[in-house]
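One letter stands for each residue in the lines below.
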Amino acid sequence: MHTDFQIDGMKAFFVKGSCANIAFRREQLNKLARALDVHEHFLHQALYDDLRKSPVDAYASETGFIRSEIRYALKNLHRWTRPQRVATPAGLQPAHSRIIPEPKGTVLIIGPWNYPAQLVLSPLVSALAAGCCAVLKPSELTPHTSSALHNLINNTFDPEIVRVIEGGRETAEALLEQPFDHIFFTGSAAAGRSIMAAAAQNLIPVTLELGGKSPAVLGADANLAVAARRIVRGKFMNAGQTCVAPDHVWVPRQLITPFIKELQQTIRQFYSGSPQHSPDYGRIVNRRHFDRLTALLEGSHVACGGQIDTKELYIAPTILTNPPSGGTLMQEEIFGPLLPVLPYDDEQEIIRFCRLRPAPLALYLFTQNRSAQKRLMEAIPSGGVCINDTVSQLIPKGLPFGGRGASGMGSCHGKAGFDTFTHFRSVLRRSTRFDIQAFYPPMKVSLENLKRGYRFFAGA
Ligand code: NAD
């Protein structure tokens, strides 16, 4: 499906300047909060239909998350939007230097299917807080949620301020031809490359929230029961279809057997002996991803799980050992409920493995040993780090969330999200009362004197 959307109406509205008004921004954020009250049930039902997410799961990882982003933005908006005064060097005085946060303009937000509501509405909160107008293009792979978002947004906002345009890749490509002022993309690295290339045509800045193979590493001192609980929760939420899910786990060789036993017990405790009937366990988004994941089972030893049901697109929480080293399982992001557990004898093996691959979104370390934490953090680059837990690094609002290299560029959540959609405009205002002639050509100052006085003029 293409779109005949033209950005001109939105741009014309933005130019009128109402969006920059702080009261206007608050009103839009409150409107979104009220719309969530009304549409939450429909969104939860859509998330169930698309991914079999329970209402508890949907609230925890989608609608509740968006509500807390709105509350945080409303609480901090005054502080974030305040112009900031900075020092002016003596040589320019009398003068006044300020940084004025201004909305970037009209922005495009393209979302993926795994957290299909959160990953378009959370950037929308940041865009509205920053005073921008926005077009949202949700994923076509979660059609119920896309349609629920269409109803929520298009029945709430003036179409010149925010609107949802549904469709697939062709729709996204058509939207990318429009001269937006920022593009916020969440999805695969392959699509990220196309987005960046398209954005380059109009010199549009981009934020790319991508994925990667996020490793978890257990130290010899790790609390195995706690590590198992936190890894199982982070890995198998949304059936492993989470960008920051631990992709695989490194375990000291002598702890492999007891740790796998802990993982097996934890999976049974969390999802019962039959995860297919657990209300807390989801499904694979479509047949293509189901086939991709079941093909990844080939060649490894299944230590737990491995059951599939094609009709339901169900894959059990699965623990794998001895994966083929050159195979896709250990080369590409798994993005599903398969967890390879790998033994190590020496940290250098892990470091070598990670450094041969692009930087992932997250690095998970399970150890109390501060020097081991520091060593591994320094040796393994990643977007973020979480020590003795998984996924929780997304919760503190003060922590920017984003990737590095192939896992993305730019960041979101809280103030980082506000900054993404804000242009920080530098303004220097000088007085005309003094006008030192020595600063104009023909220059009367010698190079020696300029070198001596430069510090005074430049302030450092
Ligand atoms: P995807 O790249 O296939 O699709 C994402 C969106 O981009 C969809 O709306 C799709 O219609 C559109 N799209 C696809 N190809 C395009 C193209 N060539 N040009 C323009 N638009 C295009 O990604 P997906 O399968 O929906 O999501 C899975 C990926 O997203 C995983 O790699 C995962 O790690 C990553 N992800 C990252 C984050 C994060 O916050 N960093 C969050 C969730 C998912």
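Residues numbered from 1 in each chain as written. Predicted model: local features only at pLDDT ≥ 70, side-chain atom pairs only at ≥ 80, totals over all residues. Heavy atoms only, no water.

1. Quick look at the overall build of the protein
- When you go through the protein residue by residue, the secondary structure sums to 14 helices and 18 strands.
- Structurally, the protein occupies a C-alpha span of about 80 × 55 × 35 Å along its principal axes.
- Surface exposure of the protein reaches about 21200 Å², of which carbon and sulfur atoms provide 55%.
- Where the 50 positive side-chain charges of the protein centre and where its 39 negative ones centre are 10 Å apart. (Helix = DSSP H or I, 4+ residues; strand = E, 2+ residues; numbered from the N terminus. Areas by Shrake-Rupley, 256 points an atom, 1.4 Å probe, with all protein chains shown as cover. Lys, Arg positive; Asp, Glu negative; His and termini not counted. Charge placed at Lys NZ, Arg CZ, Asp CG, Glu CD.)

2. Here's the deal with the domain arrangement of the protein
- Split by domain assignment, the protein resolves into domain 1 (8–210 + 409–423) and domain 2 (215–397).
- Averaged C-alpha coordinates put domain 1 and domain 2 at centres separated by 31 Å.
- Contact between domain 1 and domain 2 buries roughly 1600 Å² in total, counting both sides, with carbon and sulfur atoms accounting for 53%.
- When the buried surface of domain 1 facing domain 2 is broken down by residue, Arg52, Trp113 and Tyr115 rank first, second and third, together holding 34% of it.
- Across the pair Glu69 and Lys397 runs a salt bridge, and its minimum N-O distance is 3.3 Å.
- Across the domain 1-domain 2 interface, the total number found is seven residue pairs in polar contact (both at pLDDT 80 or more).
- Going through the elements one at a time, α2 (22–51) and α3 (55–81) are the ones with two or more residues in the side of domain 1 that touches domain 2. (Domains from an automatic or database assignment. Buried area = accessible area lost by both parts, 1.4 Å probe. Salt bridge = Lys/Arg side-chain N within 4 Å of Asp/Glu carboxyl O. Polar contact = N/O pair within 3.5 Å; in protein donor to acceptor, adjacent residues only side chain to side chain.)

3. What to know about the site of the ligand
- Neighbouring the ligand are 30 residues, the closest being Gly111, Glu140, Ser188, Leu210 and Glu333.
- For the ligand, an oxygen atom lies 2.7 Å from a polar atom in the backbone of Gly111.
- Take Leu210: an N or O atom from its main chain is 2.7 Å from a nitrogen atom of the ligand.
- For the ligand, whose free accessible area comes to 840 Å², the fraction covered by protein is 91%.
- Judged by the fraction of its atoms near the pocket grid, the ligand is located in the largest pocket.
- Sorting the residues of the shell around the ligand by element identifies α6 (169–175), β6 (182–186) and α7 (189–201) as the ones contributing at least two each.
- Residue classes in the shell around the ligand are distributed as 15 nonpolar, nine polar and six charged. (Near = heavy atom within 4 Å. 1 Å grid on protein atoms, 1.4 Å probe; cavity = no way out; pocket = protein on both sides within 12 Å on 5 of 7 lines; lining within 4 Å. Sits in = over half its atoms within 2 Å of the grid points. Nonpolar A, V, L, I, M, F, W, Y, C, P; charged D, E, K, R; others polar.)

4. A closer look at the sheet that holds strand β3 (residues 106–110)
- With respect to topology, six strands assemble into an open sheet ordered β5-β4-β3-β6-β7-β17, the strand pairing being mixed. Two strands close off the open sheet at either side, each with one partner strand: β5 (162–164) and β17 (408–409).
- Sheet analysis places β3 next to β6, joined by four bridges and oriented parallel. Bridge assignment links Ile110 to a residue of β6, and that residue is Phe185.
- Along the sheet, α7 contacts β3, β6, β7 (206–209) and β17; its crossing angle with β7, the most-contacted strand, is approximately 180°. (Pairing = 2+ DSSP bridges. Contact = heavy atoms within 4.5 Å. Axes fitted to C-alpha atoms, helices over the stretch in contact; angles between N-to-C directions.)

5. With respect to the pattern of salt bridges
- On inspection of all chains with the given rule, the structure shows 18 salt bridges.
- In this structure, Glu160 and Arg163 form a salt bridge, with 3.8 Å as the shortest nitrogen-oxygen distance.
- In this structure, Asp389 and Arg233 form a salt bridge, with 2.9 Å as the shortest nitrogen-oxygen distance. Note that Asp389 is positioned in the loop between β16 (384–387) and β17 and Arg233 in helix α8 (residues 224–236), a separation of 156 residues in sequence.

6. What about unusual backbone geometry?
- Here Gln93 and Pro94 are connected by a cis peptide whose omega angle stands at -5°.
- The residue after Pro441, namely Pro442, is reached through a cis peptide bond having omega -5°.
- Relative to the elements of secondary structure, Pro442 occurs in the loop between β18 (422–430) and α14 (447–458).
- One non-glycine residue with positive phi stands out, namely Ala239, at about 50°.
- You will see that Ser272, though not glycine, has its phi angle at about 70°, which is positive.
- Judged by its relative accessible area of 36%, Ser272 is partly exposed. (Buried < 20%, exposed > 50% of the residue type's maximum accessible area, 1.4 Å probe, protein only.)

7. What about the packing of aromatic side chains?
- Taken as a whole and assessed by the stated rule, the structure comprises eleven aromatic pairs.
- Relative to Phe180, the ring of Phe5 lies with its centre 6.2 Å away and its plane at 10°, an arrangement referred to as stacked. Here the residue Phe5 occupies a position in the segment before α1 (8–15), and Phe180 occupies one in the loop between α6 and β6, the gap between them amounting to 175 residues.
- Taken together, a centroid distance of 5.9 Å and an interplanar angle of 75° make the contact between Tyr281 and Tyr314 edge-to-face. In this pair, Tyr281 is assigned in the loop between α9 (256–271) and α10 (287–296) and Tyr314 in strand β12 (residues 314–315), connecting sequence segments 33 residues apart.
- One aromatic cluster is present, built from ring pairs that chain together Phe270, Tyr271, Tyr281 and Tyr314.
- The ring of Phe353 carries Arg357 above its face, with NZ or CZ at 3.6 Å from the centroid.
- Its end group placed over the ring of Phe65, Lys397 keeps NZ or CZ at 4.8 Å from the ring centre. (Phe/Tyr/Trp six-rings, centres within 6.5 Å; stacked < 30°, edge-to-face > 60°. Lys NZ or Arg CZ within 6 Å of the ring centre and 35° of its normal.)

8. A few points about the sheet that holds strand β8 (residues 215–218)
- If you trace the seven strands from one edge of the open sheet to the other, you get β10-β13-β14-β9-β8-β15-β16, paired in mixed fashion. If you trace the sheet from one side to the other, it starts and ends with β10 (301–304) and β16, each paired once. Along the sheet, successive strands turn relative to each other by an average axial angle of 25°, direction set aside.
- The pairing of β10 with strand β13 (residues 318–321) spans three bridges and is antiparallel. Residue Val302 lies in a different strand from β13, and its bridge partner there is Leu320.
- On top of the sheet, α8 reaches β8, β9 (248–252), β13, β14 (338–344) and β15 (362–366); it is set at about 145° to β14, its chief contact.
- Docked against the sheet, helix α12 (residues 370–379) engages β8, β15 and β16, running at close to 160° with respect to β15.

9. Some thoughts on empty space enclosed by the protein
- Within the structure shown, the criterion is met by six cavities of 30 Å³ or more.
- Around the largest cavity, the lining is made up of 13 residues, and of these Leu119, Thr186, Glu209, Phe401 and Cys412 lie nearest the centre.
- Every element with two or more residues in the lining of the largest cavity is listed here: α4 (118–130) and β6. (Points joined across faces, edges and corners; volume = space filled by probe spheres on them.)

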